[in-house]
Structure formats: C-alpha cells, structure tokens
Amino acid sequence: MNTLHEYKGVLHVHTRYSDSAVTMPEVVRIARAVGLDYVVTADHHTLRPKYEGWEGRHEGLLLVVGVEVSSTKGHALVIGLDRTDRWASAHPNEYLPEVARRGGRAFVAHPERHDRGKIYRKPQAWPDLETDDYAGVEIWSYMHDWVEGAYPWHVLDGMLDPDSRVAGPHPLVLRRWDEVALRRHCSGIAALDAHERRYPIPHFRWPLLKVLPTEFIFRTARTHVLSSEWSGSSADDIALLTDALTAGRCFAAYDLIGDATGTRFRAERDGETAVMGDEVHAGGEWTFVATVPLEAELRLLRNSEPVAQCVGRELAHRDARPGVYRVEARLRNRPWVFTNHIYVREDGSTP
Ligand SMILES: [Zn+2]
Ligand SMILES: [Zn+2]
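Draft legend 1. Molecular detail of the overall build of the protein. Helix and strand counts for the protein stand at eight helices and 20 strands. Relative to its length of 351 residues, the protein is compact, with a C-alpha radius of gyration of 20 Å against a globular reference of 20 Å. Structurally, the protein occupies a C-alpha span of about 70 × 45 × 40 Å along its principal axes. Intrachain contacts of the protein at a sequence separation of at least 6 include 69% that bridge at least 24 residues.

Draft legend 2. Geometry of the domain arrangement of the protein. Looking at the assigned domains, one finds that the protein contains domain 1 (5-254) and domain 2 (264-345). Centre-to-centre separation of domain 1 and domain 2, based on C-alpha positions: 25 Å. Taken together, the contacts link 19 residues of domain 1 with 16 residues of domain 2. Counting residues per element, the ones that place at least two in the side of domain 1 that touches domain 2 are α6 (171-183), β8 (187-191) and β12 (250-254). Among the elements that line the side of domain 1 that touches domain 2, the one with the most residues is β12, at five residues. Taken together, the residues of the side of domain 1 that touches domain 2 sort by class into eleven nonpolar, five polar and three charged.

Draft legend 3. Up close: the nonpolar core. With 94 residues, the main nonpolar core has A76, F107, I139 and L192 as its most contacted residues. Broken down by element, this core gets its largest block of residues, eight residues, from strand β16 (residues 286-302). The residue makeup of this core includes at least three contributed by each of domain 1 (5-254) and domain 2 (264-345). The residues touching A76, leaving out its near neighbours within four places in the chain, are V69, P92, L96, A106, F107, V108, A109 and Y134.

Draft legend 4. Layout of the environment of I257. Counting through the fold element by element, I257 comes out in the loop between β12 and β13 (264-269). Note: C-alpha distance between I257 and C186 (71 residues apart in sequence) is 27 Å. Those residues in contact with I257 that sit more than four places away from it in its chain are L331, R332, R334 and W336.

Draft legend 5. Just the pairing of strand β17 (residues 305-319), in detail. Pairing geometry for β16 and β17, over 13 bridges, is antiparallel. Directly across from R302, in β17, lies its bridge partner E305. Taken together, β16 and the strand that follows it, β17, pair antiparallel across an intervening segment of two residues, in which N303 is found at a positive phi of about 50 degrees.

Draft legend 6. Focus on the pairing of strand β6 (residues 105-108). Here β6 shows no split at all, with R105 and F107 on one side and A106 and V108 on the other all buried. In terms of strand pairing, strand β5 (residues 74-79) meets β6 through four bridges, oriented antiparallel. When the sheet's bridge partners are listed, V78 is paired in β6 with A106. Where β6 meets strand β7 (residues 136-141), two bridges bridge the pair, whose relative direction is parallel. Its bridge partner lying in β7, V108 is registered against V137.

Draft legend 7. The confidence of the model for the protein, seen in detail. In this model, the protein carries an average pLDDT of 91, and 91% of its residues clear a pLDDT of 70 or more. Low pLDDT, under 50, characterises residues 115-119; the predicted model gives this stretch twelve contacts beyond four residues in sequence or across chains.

Draft legend 8. Looking closely at helix α1 (residues 24-33). Within α1, burial applies to V27, I30 and A31. Taken end-on, α1 shows its buried residues confined to a sector of 100 degrees, consistent with a single buried face. For α1, the exposed residues set more than 90 degrees away from the buried face come down to P25 and A33. In this structure, the buried residues of α1 make contact with β1 (5-13), β2 (38-44), β4 (61-71) and α7 (214-217).

Draft legend 9. Summary view of helix α8 (residues 234-247). Spanning 14 residues, α8 covers 20 Å between terminal C-alpha atoms, matching the ideal 20 Å at 1.5 Å per step. Within the span of α8, buried status applies to D237, I238, L240, L241, A244, L245, T246 and A247. Phi turns positive, to about 75 degrees, at G248, one or two residues after α8.

Draft legend 10. Unusual backbone geometry, seen in detail. Despite not being glycine, L212 shows a phi value in the positive range, around 45 degrees. Tracing the backbone shows L212 in the loop between β10 (209-211) and α7. L212 gets classed as buried once you count the C-beta atoms within 10 Å, which come to 21.

About the cut-offs
- Residues numbered from 1 in each chain as written.
- Chains lettered and ligands numbered in written order.
- Predicted model: local features only at pLDDT ≥ 70, side-chain atom pairs only at ≥ 80, totals over all residues.
- Helix = DSSP H or I, 4+ residues; strand = E, 2+ residues; numbered from the N terminus.
- Rg over C-alpha atoms; globule rule 2.2 N^0.38 Å.
- Contact = placed C-beta atoms within 7 Å.
- Domains from an automatic or database assignment.
- Nonpolar A, V, L, I, M, F, W, Y, C, P; charged D, E, K, R; others polar.
- Core = buried A, V, L, I, M, F, W, Y, C linked by C-beta atoms within 7 Å.
- Buried ≥ 20, exposed ≤ 12 C-beta atoms within 10 Å, placed from the backbone.
- Pairing = 2+ DSSP bridges.
- pLDDT = per-residue confidence, 0-100.
- Arc of directions from axis to C-beta.
- Expected span 1.5 Å × (residues − 1).

Laid out in structure tokens, this is it:
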C-alpha cells in the first residue's frame, strides 16, 4: 500500500471537437500550467481527437480522449473506446451493455436531480438504470452545479465569481450512490462538464468575456487517483489511470478552496489494510482512518449515516458492522473532499 502514488486531474472536458470554445493545444497548455497530471476529455458523440493523435503524453500531462454518449435519455462519460456510435436516443439500458462489450468504462454523467435552479433541465437516467454495465457515477458535476445555482438574475454574478454559485455534490446523488454501493461496487468521480464560452465584445479584437474559462475550471473539482507509479508510457499509464478510476481508488476534491493532495482513507485490521475502493470481509473490528492535509470538518459515513465526526486533520473510528463507509470533509464550511467507499461485506474478498 505504501507504493501508491497520487495523481490529480480533471474529467469530462469538452473542446472544439464538440461544443466548447477551447482547443486541444489550449487544454494541454492550461492543464500543465495549473499542475494537473491528467485530463480526460469527453466530446459529444465523437472520438475524433483520438484518431487525430491527441491521446497520450504531452510532457508531464497524460491526455485521455474519452467520449460523452449524449442520448436524450441520459448521458455517460466513457473511456477506453476505440469506436463510438451516435446513440442519440437510446436508453442507457441499451447503450451501456454495448459500450461494455467494446471495452469501454462508463460513468453515469450528471445524474443529479434538477431541483436547485430554474434555468434548464437534463434527463436523469440513473434512477431508471437496470443494467450494471457501468463502472461508476459522476458524484459531482461542476458545471451543472454552477448552472443549477444560477437563477437568471444571478448569471452575471456567477460569471464574475463562479465559485460563489457552487454548492457541492447533490445530497440526493450521494445518497443514491450509497444505495447502489450497498448492492454493488460503484466508483464516484468528480467531473467538470467543462464548456468554455467566449463572447466577443463589440469593437474589441479579442473576446474579453469568458464563461467558466478553462484557466478557472481546471482548478476546481478534481479527482485524485491512487495508483502504482506511472512509467511515462502512454498506454501503460492510461491503463493504470483507468484501473484506479474504475476501482474507486480515488477521491473528489474541491482544490480551488484548498489543495487536498495527501488525503487518505483506509481501514486496518490485524495487519490487513484496505484503501478506498476495496471490498473487505466483515467479521472483527476494522479501524477506519481518514487524514487530510488541512484542518477540516471530517465525517465518516456508514450507509449514508454519520458514525463519527471531528474537526482536525485525522479521524479514526472502530466499527465491526458491515456496510459501505466513506468520508466527507468540509473546509471553512464549504464542500471539500469526498472519498470513495471502503466496502465491508459479509461475503467480501480481502484486499
Ligand atoms: Zn452531458
Ligand atoms: Zn458534457
């Protein structure tokens, strides 16, 4: 377990290959400038950036070209596909099994209920999912959080100070995630759904007004993965990243308000150690330990219910009950860190 390295990046980034104003060279340049280790792009319906050679290493940055399956019945962020289809109106129950057959790893995109704001609504497929052919879910979709918080009279405010409109992962999404996790493994990731908009201002040569500019949004909701050390080979490192994301060996963090690098959540028993994403046997008492790099409000949840909390940089709690355990941290009363579960199963396998 000591060999795990931490890599931070952002997922679900649109570019000019679909409906964002940002180009691939800009994605690479900005990601490197803000210190990201990886970026996963997800343009609607297309893998063209992959065919045009964008996937792979760009010096220190690993760029993965995913795709957003954008059906009217629900969207999914998919990585690992070489070929996609339009699936314009297929239900996820139909397209997710096909995505899995082609070797893709799918994450249900922006599954939240839209009861916070009034500007627009998207289909929410998650409640109707009958297939298990998905690896996980976007527990936080930054752009949607921002839009939902933005009532029409708040739009300018939201452009000038985007962070002010952000509330964090939706409590109903987190609760549903816990419910699914009780039944099956389900990884939670932070996603941006980044669509940069640029509006030219009359009589000026360059666009001055940008909405959710890439320079900003790449510093917000990130997913930190724990993985064995990346080798520098694109194919190997993409495989390691994909494994960590699908295994839930990762946590979502709002790095804009405090860099969460170094956050860990583990469970220990008689010399065994489990980390986020692991499934372990119940029976005997596990000690759950969460550490964060800044003093924060820490909460350990079991099956959605808090079982321990404290203010500090470490939380420890012993519990013998089966269930799905995860940690949430708030920093200065803002949502900050959301770990994946450690699954304590009656019939779990040991790590
Ligand atoms: Zn979408
Ligand atoms: Zn999207």
